[in-house]
Amino acid sequence: MADDMLKSGNLPENPERATLEGRNKFLGFWFFLGGETVLFASLFGTYLALRNSTVDGPSSQELFGLGLVFLMTVILLTSSLTSVYAMYHMKNNDFKKMQLWLGITVVLGLAFLGLEIYEFVHYVHDYEFGYTTSAFSTAFYTLVGFHGAHVAFGLAWIISLMVRNAKRGLNLYNAPKFYVASLYWHFIDVVWVFIFTVVYLMGVVL
Amino acid sequence: MVNTNSSNQKKHFYKKKHRDQMKHQVLTFAMMIAFTIIAFGLAMADVSPMFTVPIILILAAVQVLFQLYYFMHMNEEGHQWPSVMIYSGIFAAFLTILALTTIVWW
Amino acid sequence: MKGWMSRIKAVFALSVLALILSGCGEPFLSALQPRGEGAAMIMELMILSTVIMLFVFLVVMIIYVFVVFKFRQKKGQEDHIPKQTEGSHALETLWTVIPIILLLILAVPTVQYTFALADMNPEVNEEGEENEQIWIDVTGKQYWWHFEYEGLDITTSQEIYIPTDRRVYLSMISDDVIHSFWVPSVQGKMDVNPTGNQNEMFIQAEEEGLYWGKCAELCGPSHSLMDFKVVAVSPGEFEQWVEDMQGVTGEEVPESDTAQDGQELFSDNCLACHAVGSSPNKVGPNLTSFADRDKLAGVFDFTEENLYEWIDTKGENMKPGNMMVDAPYDLEEEEIYQIIEYLMTLSPSEITPESAENGVYQDSDLSNLFPEEEEEDDEEQEDENDEVEDEEEE
Amino acid sequence: MSTTANQKAGFGSTLWEYLTTVDHKKIAILYLIGGLFFFLLGGLQAMLIRIQLISPDNEFISAQFYNELMTMHGTTMIFLAAMPLLFALMNAVLPLQIGARDVAFPFVNALGFWLFFFGGIFLNVSWFAGGAPDVGWTAYAPLSIFSEGHGVDYYAIGLQISGFGTLMAGINFIVTVINMRAPGMSFMRMPLFTWTSFIASVLILFAFPALTVGLFLLTFDRLFGGNFFDPEMGGNVIIWEHLFWIFGHPEVYILILPAFGVFSEIIPTFSKKRLFGYSSMVFATVLIAFLGFMVWAHHMFTVGLGPIANSIFAVATMAIAVPTGIKIFNWLFTMWGGNIRLTSPMVFALAFIPTFTIGGITGVMLASAAADFQYHDSYFVVAHFHYVIVGGVVLGIFAGLIYWWPKMFGTMLNEKLNHWFFWLFFIGFNLTFFVQHFLGLMGMPRRYWKFLPDQGLDLFNLISTIGAFFMAAGTIVFLYNVIVTQLKGEKVSGDPWDARTLEWGIPSPPPFYNFKQEPLVRGLDPLWVEKRQGNGKIQPAEPLGDIHMPNNSFAPFMLSLGLFIAAFGVVYQGSMWVLAAIGFAITAGSMLYRSMKDDLGYHIHKEDLEKEGDGSNG
Ligand code: HEA
Ligand code: HEA
Ligand code: CUA
Ligand SMILES: [Cu+2]
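Thresholds applied
Residues numbered from 1 in each chain as written. Chains lettered and ligands numbered in written order. Predicted model: local features only at pLDDT ≥ 70, side-chain atom pairs only at ≥ 80, totals over all residues. Heavy atoms only, no water. Domains from an automatic or database assignment. Contact = heavy atoms within 4.5 Å. Buried area = accessible area lost by both parts, 1.4 Å probe. Polar contact = N/O pair within 3.5 Å; in protein donor to acceptor, adjacent residues only side chain to side chain. Helix = DSSP H or I, 4+ residues; strand = E, 2+ residues; numbered from the N terminus. Pairing = 2+ DSSP bridges. Axes fitted to C-alpha atoms, helices over the stretch in contact; angles between N-to-C directions. Donors = N, O, S within 2.8 Å, 3.2 Å for Na, K, Ca; no water. Salt bridge = Lys/Arg side-chain N within 4 Å of Asp/Glu carboxyl O. Nonpolar A, V, L, I, M, F, W, Y, C, P; charged D, E, K, R; others polar.

A.B. asks: Give me the domain arrangement of chain B: which residues, what numbers.
C.D. replies: In many analyses, interface size is given as the accessible surface area lost on bringing the parts together. Residue and element names in this part refer to chain B. Domain parsing of chain B yields domain 1 (2–74) and domain 2 (76–106). Each partner contributes to the interface: domain 1 provides seven residues, whereas domain 2 provides five residues. At the boundary of domain 1 with domain 2, total buried surface from both sides reaches about 560 Å², with 52% on carbon and sulfur atoms. Linking domain 1 to domain 2 there are four residue pairs in polar contact (both at pLDDT 80 or more). Among the elements that make up the side of domain 1 that touches domain 2, the one with the highest residue count is helix α2 (residues 49–71) (three residues).

A.B. asks: Help me get a handle on the sheet that holds strand β10 (residues 228–233) of chain C, residues and values and all.
C.D. replies: Residues and elements named next belong to chain C. Taken in spatial order, the five strands line up as β4-β10-β9-β6-β7 in an open sheet, and their pairing is mixed. The open sheet has two edge strands with one neighbour each: β4 (159–163) and β7 (187–192). Averaged over all pairs of adjacent strands, the angle between their axes in this sheet comes to 20°, without regard to strand direction. As judged from the four bridges shared by strand β6 (residues 179–183) and β7, these two strands associate in the antiparallel manner. What sits directly across from valine 183, in β7, is glutamine 187.

A.B. asks: So what about the coordination of the copper ion (ligand 4)? Which residues, and what values?
C.D. replies: Tetrahedral coordination by four donors sets the ideal angle at the metal to 109.5 degrees; octahedral coordination by six donors sets it to 90 or 180 degrees. Residues and elements named next belong to chain D. Here the copper ion (ligand 4) is held by the protein donor atoms His249 (ND1), His298 (NE2) and His299 (NE2), which lie 1.9 to 2.1 Å from it. Within one chain, the residues serving as donors to the copper ion (ligand 4) are arranged as H-x48-H-H. Taken as a pair, the copper ion (ligand 4) and the iron atom of ligand 1 lie 4.5 Å from each other. Note that histidine 249 is positioned in helix α8 (residues 237–271) and histidine 299 in the loop between α9 (278–292) and α10 (307–319), a separation of 50 residues in sequence.

A.B. asks: Can you break down the environment of alanine 139 of chain A residue by residue, with the values?
C.D. replies: Here alanine 139 of chain A is to be found in helix α6 (residues 135–165). Sequence separation between alanine 139 of chain A and methionine 202 of chain A is 63 residues; the distance between their C-alpha atoms is 15 Å. Sequence-distant contacts of alanine 139 of chain A, that is, excluding residues within four places in its chain, are made with Tyr47 and Leu50 of chain A together with Phe228 of chain D.

A.B. asks: Break down the interface of chain B and chain A for me, citing the residues and quoting the values.
C.D. replies: With 55 residues of chain B at the interface, the matching set in chain A holds 56 residues. Around 4900 Å² of area is buried between chain B and chain A when both sides are counted, 76% of it from carbon and sulfur atoms. Its largest share of buried area at the contact with chain A, chain B owes to His18, Phe40 and Met72 of chain B, together 13% of the area lost on that side. Here chain B and chain A share one salt bridge between them. Between glutamate 76 of chain B and lysine 91 of chain A there is a salt bridge; the shortest N-O distance is 3.8 Å. Run the count over chain B and chain A and you get four residue pairs in polar contact (both at pLDDT 80 or more). Looking at the side of chain B that touches chain A, the elements that each hand over two or more residues are α1 (8–44), α2 and α3 (80–102) of chain B. At 18 residues, the largest contribution of residues to the side of chain B that touches chain A is made by α1 of chain B. When its residues are assigned to classes, the side of chain B that touches chain A shows 34 nonpolar, 15 polar and six charged.

Put into structure tokens, the structure is as follows:
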């Protein structure tokens, strides 16, 4: 049986949930996401409480440019779709295509991360808006930075899965891992939807 | 324990089912992009925040539901427990945000 | 509201319990011996809840004792298998409903009193007019308290003088970490938070007396030594005290030579942090009526040795972590005694903590405190209210 | 690397076995040792606190040291003693109660323990690195921001590390309960200890992230110049209070619910009756958890949130009395008509009912917002929470330990000594904490290094201190009992208490694969069902077959060690960043190692199992 798990090809419809280990991972990870919801809620709450505490530093209206944020949003949303494609091919048992779409996801994720870093650098250099400038700046960088760190971790995770399994192919042992990683990636997107709405759009409007 | 020898027919059926699902998902994606554009548009347009803010929050909520139900497959069977936990999380999250936006003063 | 409460009181014959409870503790400190409106209100609530809780406990204990004695394994019964009851809807409903009722009985006055204690509107006197409000700005600092009487141009530290039978309103803030203002026998506590949020509370004492106040929020090593006093004197005495205090400028020259030298030393070494006479909040306590203090630095017996040690060591071991240790001065023994002599002349008023405990009751409606400018005062008050609201809106 | 049956092994290999184990029963023992160690440490700190407060104006210890002791006592007891001891019980019992061979994530389970352990050690290193945290276990800002030295840094990062461990343990138990139940073990047949542990784990999942964030904010403020809690820079100190209590209140139910579960096992067993109102007990548990998330601001009545918020939270808090009351009465009626045996676990359970009721009703008194203006931050609160914690959680832990000791170790603690332990501890407990109610009302605030003479507080403080010595004496009796019992090592049968649930249907201690064949559960209290309706043995649900087991792994230890090392780098910064780099490299390396390897575990073969003979009751 153990060998079965490492055999690639010929997988059932939901390979991620075909084994007990897979089902455990699947559930455990969803629950983890439930906890992450509260984690981000705490950060959002903190941010909302401090969003006007700019002291002498720049305010959200002075800082945020929506063009860049729009671009970042579209990139991240698209990467969510591409990772759906990857899972689609996983379920169809097409390892190569899955890797391909994961690759595209990674590239998009990297682009997002790059833009975010550019954005931060821009704020620091052109607006003197550093981490310690005001309570608002601290809350902003912490919330958005936490999301960024999640993106970075997600990228590292997906890349290491791709590399690790490049030769092994898809099997019952690693299918849940791919699946769970893609859930993580979607969750990052969920958080970003609220970030662009609550931080950027509301930051410009209110 | 694992049924690995599914027949080709069955496989064909899966593939078709998956393709159908995929269509939904592309549609979902299109909607999400549309919502995003509306939200950004509203924010950039000169509309009263009293109007804009609730709308963009609702758009965000709907987008998130799309993500959860279509991209993360919460609409499929076997997701009762994930739903329970996510909604419990949302409940706790809601309370947290409510408190931090209302009873911390100034 | 009070009538309602007293009916309940009668029903439960609470007075008996009150009597027992009020045997506990010292009258100047204990929450069980309320001497003010706030503490009395809370005491009623505490008694009501205690009675409910004793009832609950009694019910539990009666069943408990019965069960444990009745159904304890008897000799020869080791193999007896009791009936495996699954439950009982009737019983379970019973012990869901009864607690709900009991809690409602507690919840209603709880909400009422919570609102009543937060009521900052002026009191209405017998004639149906609104009383002038006395507002005091309270500032908590590591490890002492500062008080500024709004509109009266008076500043004190460590001791707060109030007239009896009159609500005095506090607007409270901290200069550093969170403290909590608590005078158990007069009123419950309220935190003082650093910047941004001012808390408001009223205190009212029904009897003249010296009431002990405590800092109730951990604020550093000397948290337990951050005591202060509420000196409740009769309205007439209070009026006189106000007048005396308003007269102090800090420039008064003491009679004796040593004290004069002391004054000089004092202004060279101490005035950077301390003040005599009305002054804004500074690094150290205001010493206008220092010689009348009941305790030194809030907790120490007011003796010359203690005062000497305080100045000599800057209170280093007396109040660990206190902010006077940063004082840069370096004084000779003799100089310290000169300063002490000067400090002991700082007694601008006949009205002291003594008068709270043994004073003569002097009546007054305090109208002298609020001469013609009444209206202006009102406006000021309003302005301030507006400001507060503005802040809240943001 | 595989573990076959425990052969007589040398010290080295035993140590290695425990460092690498992923067996929940061994992890339980690790939690037990760790938790007991920290309990003794916390108790020692409590003793020093009480000695300082034996008389007015005492100079036994300094103000600074007092604050450190008080902080570390609270933190240690809650995070490093009570929770791990509960985890010990859960690990030892929960999988057995649901008929599982293993937990859902054996590896994560081990990781959870090591993170807790290294977090706790890290926190305690502060004693030797210039002073422990001195700001109370609640670490209110801005005092925690201004606090000098590195004490609070140790607090923030130490709790962060052990908090991760707790979160993982929580998720592991949730999934274990959902996915690993034996055939026939439906949710409504689960023993209440499993239920309450399950719900407590859910609470962990949703409560700990708030603490995680709070601790991050604190860390950022202290170490990286953040401004969350710096009023000068626009920060807001109330945010910390909210985050802490959004975590903190559910935390107290995380502690008490498993203890409720323990009593719900012990009372039926020793009354020879099934639990009265099983389904309402489950319902009450869920309701307590749900309400537990909506009441946190009752710790903040005096903060100045205003009468509206205070009233809402007051009423919500009171509501929790109802489901808790349901539990109390259900226990009483479980005993009603029963055949009560006064064994030591039962005596603990019996003592728990009145003490917890006292603690609970004082809780409801505290919930009365206006009255809390008097109670808050006074010894009345100290009395309240020790009545629920010591009179609830600690009694529950010891009751559970004594009850399941045979299952965990195959030996039986001496009953006579257990009773001695009980009486010393119980009398001491009431002496210590009952009078504290009055101290609080008489005007003694908590966290006071000194109280002053002539304020009427002397006598009760003295009584309180004497009581603490009784508790210490009791604890020492317990330790003595443990040592003597383990040295003697007399083996007992699989079911020494004549109990009702599944775990008692297998030998004590259970074989490392728990159940030779998956058990078939035919009702609530499966063993009892089999005793009454069958041959007294649990029926198998499957023919004998190969058993799949996970491999041991050293990675959890290394991963946690890495974080431990890195933490120093983060605290001291400067050139110490090297440590952070090394530490994080170890952690990342262990993670990579773990994920790069195809670790499928191994199988115990049917033939070997057959050789071991009858796996059921020993
Ligand atoms: C295991 C831990 C535990 C448990 C179970 C509880 C249970 C409860 N606690 Fe307690 N609490 C703490 C641990 C715990 N607490 C700690 C550690 C603190 C201090 C933290 C700090 O500041 O350091 C604290 C502080 C605390 C406060 C804040 C006090 C203050 O700082 O000012 C309040 C206020 O409402 C409160 C209330 C309650 C209530 C209402 C319950 C209820 O759940 C109790 C319910 C139980 C019963 C009521 C008894 C049984 C019921 C019946 C027999 C039915 C009939 C009863 C009635 C009708 C009343 N607690
Ligand atoms: C699980 C939680 C828990 C437990 C079990 C205890 C147990 C005890 N606690 Fe408590 N306590 C808290 C949680 C707990 N506590 C918390 C959260 C606070 C608030 C902190 C804060 O304000 O921030 C607090 C605060 C607190 C105070 C108030 C301090 C203050 O406000 O200034 C006091 C004072 O009496 C006290 C006393 C005790 C005592 C006497 C015990 C006893 O029950 C302890 C009994 C155990 C022993 C006595 C151990 C015996 C062992 C030995 C003697 C060692 C032998 C050694 C070897 C063999 C190696 N505790
Ligand atoms: Cu100020 Cu405690
Ligand atoms: Cu609470």
